[in-house]
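Fold and geometry: a report
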Amino acid sequence: MNFYKRIYPKSWQTIRNNYPYLFFGLFASILGFYELRVLFDLGDAGPDFIGSTMIFWTRLFQALGGVEIGMSNMMTFLGLIGFFVLLAIMTILAIASQGALVASANTDTTKGKNFKKLIQIGVDKFWPLLGLNIINTFIGYFFVSSVLNPMINFTATNTNWLIYFLLGIIIFMVLVPLIIILSFVTRYGTAFVVFKNQKLLLAFTNSWYLFKQNWLITLESAIMLSIITVVYFLLLFSALVFIFTPFLILSNFITFSTGAFLFVIIIGGLVALLAFIIGTSFFGAYYNLIWANIWLELTTKGKSHSKIYRVVNKHFPHMTR
């Protein structure tokens, strides 16, 4: 049985046998699917959840540093503090859920561990996992928006062909591949933190070596996952339209009461929202489990090969020797 025929069914079986893991998937999905965004939408200047949180905290501390707190602005101050606490709780739940999902992929070490013990694993690994996500934020947002995009814009408007040529090589032959590679390295790093109990720097270093040895199968996995992501969310959107349409049709027949009309629309919206939350929770859990299972396959004894390698080896064996 080949590499992918082990990973995808195994990830599905884990969720099917443990529906409470959808809770982990819901909060882990808040972190986003950064390697896909970096790989296929590098120019997206929008920050992810961690980036947005860091920006909010920075602006909040800057604002509070020059403001005198009094009765006139006490409610605003308390509201900001409350929002700060909410973001902190969401961050902890998101990071802990990511760690719990990674841990749940290895059934040998997590056998018998319930929901509470898995979330405790995620909490225990919170700081190194947060550090890896912050690295991703700097790679996928701050570095791209503050360094790479200005370099691309400068290159595009530069009329000196030599500078244009040199900067083009630096950007597209060095910086862009490095950003993409580091995004995959940090994904593997979460598994080194959870499974090997490694610190941030050691996990990052070992992840670099793992990617270097398996770069083709990593990129191939990312492309396959991007296709799955697009197809899944297209199906989810279609399902949401299918769920909400009957409520919309029913509301058109309600003419006797504005309240009844709004009630039907609200119920339809809530049902669609619930379906969206469940669908996103499932994909968040499935996605993180797949990457954890990829790491498990790549670090077990025996050589794993990508689909491209197997096809070339089958038809042109002399090229793989």
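Conventions we followed
Residue numbers restart at each chain and count upward from 1, following the sequence in its written direction. Reporting of local features is limited, given that this is a predicted model, to residues whose pLDDT is at least 70; pairs of side-chain atoms are given and counted only at 80 or more, and all residues count toward the totals for whole chains, interfaces and linings. Only hydrogens and water are removed before side-chain values are computed, so all heavy atoms of the structure are retained for them. Put simply, two rings from Phe, Tyr or Trp (the six-membered ring, in Trp's case) pair if the centres are within 6.5 Å, and we call them stacked under 30 degrees between planes, edge-to-face over 60, tilted for the rest. Strands here mean DSSP runs of E at least two residues long; helices mean DSSP runs of H or I at least four residues long; both are numbered from the N terminus. One confidence number per residue, pLDDT, is output by the predictor and ranges from 0 to 100. We count a salt bridge whenever a side-chain nitrogen from Lys or Arg sits within 4 Å of a carboxyl oxygen from Asp or Glu. Only protein chains enter the accessibility calculation, which uses a 1.4 Å probe; a residue whose area is less than 20% of its type maximum is buried, one above 50% is exposed, and one in between is partly exposed. Grouping buried Ala, Val, Leu, Ile, Met, Phe, Trp, Tyr and Cys residues that are joined through side-chain atoms within 4.5 Å yields what is termed a nonpolar core. Residues count as neighbours in contact if any of their non-hydrogen atoms are within 4.5 Å of one another. Two distance rules govern patches: like charges are joined within 9 Å, and nonpolar side chains (Val, Leu, Ile, Met, Phe, Trp, Tyr) within 5 Å, applied only to residues with over 30% relative accessible area and no salt bridge. Computed by Shrake-Rupley with a 1.4 Å probe, the accessible areas treat only the displayed protein chains as cover when residues are assessed. Throughout, an axis means a line fitted to C-alpha atoms (over the contacting stretch in the case of helices), and angles, computed between N-to-C directions, take values from 0 to 180 degrees. Note that the term roughly parallel is reserved for angles under 35 degrees, roughly antiparallel for angles over 145, roughly perpendicular for angles of 65 to 115, and oblique for everything else. The residue classification treats Ala, Val, Leu, Ile, Met, Phe, Trp, Tyr, Cys and Pro as nonpolar and Asp, Glu, Lys and Arg as charged. All others, Gly included, are polar.

So, about the packing of aromatic side chains. The relation between two aromatic rings is expressed through the spacing of the ring centres and the mutual angle of the planes. Inspection of the entire model under this criterion finds 18 aromatic pairs. Ring centres of Trp12 and Phe282 lie 5.7 Å apart, and the angle between their planes is 70°; this geometry places the pair in the edge-to-face category. One end of the pair, Trp12, is in helix H1 (residues 3–16); the other, Phe282, is in helix H12 (residues 258–299), with 270 residues separating them in the sequence. Among the aromatic residues, those joined into a cluster by ring pairs are Trp12, Tyr232, Phe233, Phe282, Phe283, Tyr286 and Tyr287.

Next up on the list: the confidence of the model for the protein chain. With 83% of its residues at a pLDDT of 70 or more, the protein chain has an overall mean of 82. Mean pLDDT per element in the protein chain: helix H13 (residues 307–315) is the minimum at 50, and helix H2 (residues 21–28) is the maximum at 94.

For the structure on display, the rule yields one salt bridge. Close ionic contact of Glu297 with Arg6 constitutes a salt bridge, the shortest N to O distance being 3.0 Å. Remark: Arg6 occurs in helix H1 and Glu297 occurs in helix H12; sequence separation between them is 291 residues. Given the relative accessible area of 16%, Glu297 is considered buried.

Take the nonpolar core next. Counting 67 residues, the largest nonpolar core has Tyr188 and Ile294 as the members making the most contacts within it. Considering each element in turn, this core owes the most residues, 13 residues, to helix H9 (residues 161–196). Leave out the neighbours within four places in its chain, and Tyr188 touches Ser207, Leu210, Phe211, Thr218, Trp291, Ile294, Trp295 and Leu298.

Together, Phe261, Leu262, Phe263, Ile266, Ile267, Leu270, Val271, Leu273, Phe276 and Ile277 give the surface a local cluster of nonpolar side chains, amounting to about 860 Å² of exposed area. Along the chain, Val271 turns up in helix H12.

Turning our attention to the side chain of Thr53. Inspection of the secondary structure puts Thr53 in helix H4 (residues 49–65). On the accessibility criterion, Thr53 (3% relative accessible area) is buried. Beyond its immediate sequence surroundings of up to four residues, Thr53 is in contact with Leu87 and Thr91.

With that settled, consider the packing of helix H5 (residues 74–105) against H9. Taken N-terminus to C-terminus, the directions of H5 and H9 make an angle of 75°; their axes are 9 Å apart at the nearest point. One finds that H5 runs roughly perpendicular with respect to H9. Two secondary-structure elements touch here, H5 through Gln98, Gly99, Val102, Ala103 and Ala105 and H9 through Arg187, Thr190, Ala191, Val194 and Phe195. The class makeup of the residues in the contact of H5 with H9 is six nonpolar, three polar and one charged.

With that out of the way, let us pick up the packing of H9 against helix H11 (residues 215–252). Orientation of H9 relative to H11, taken along the N-to-C sense of each, is 90°, at an axis distance of 11 Å. On the basis of the axis angle, H9 is roughly perpendicular to H11. The segment H9 lies against H11, with Ile180, Phe184 and Tyr188 engaging Thr218, Leu219 and Ala222. When its residues are assigned to classes, the contact of H9 with H11 shows five nonpolar, one polar and no charged.

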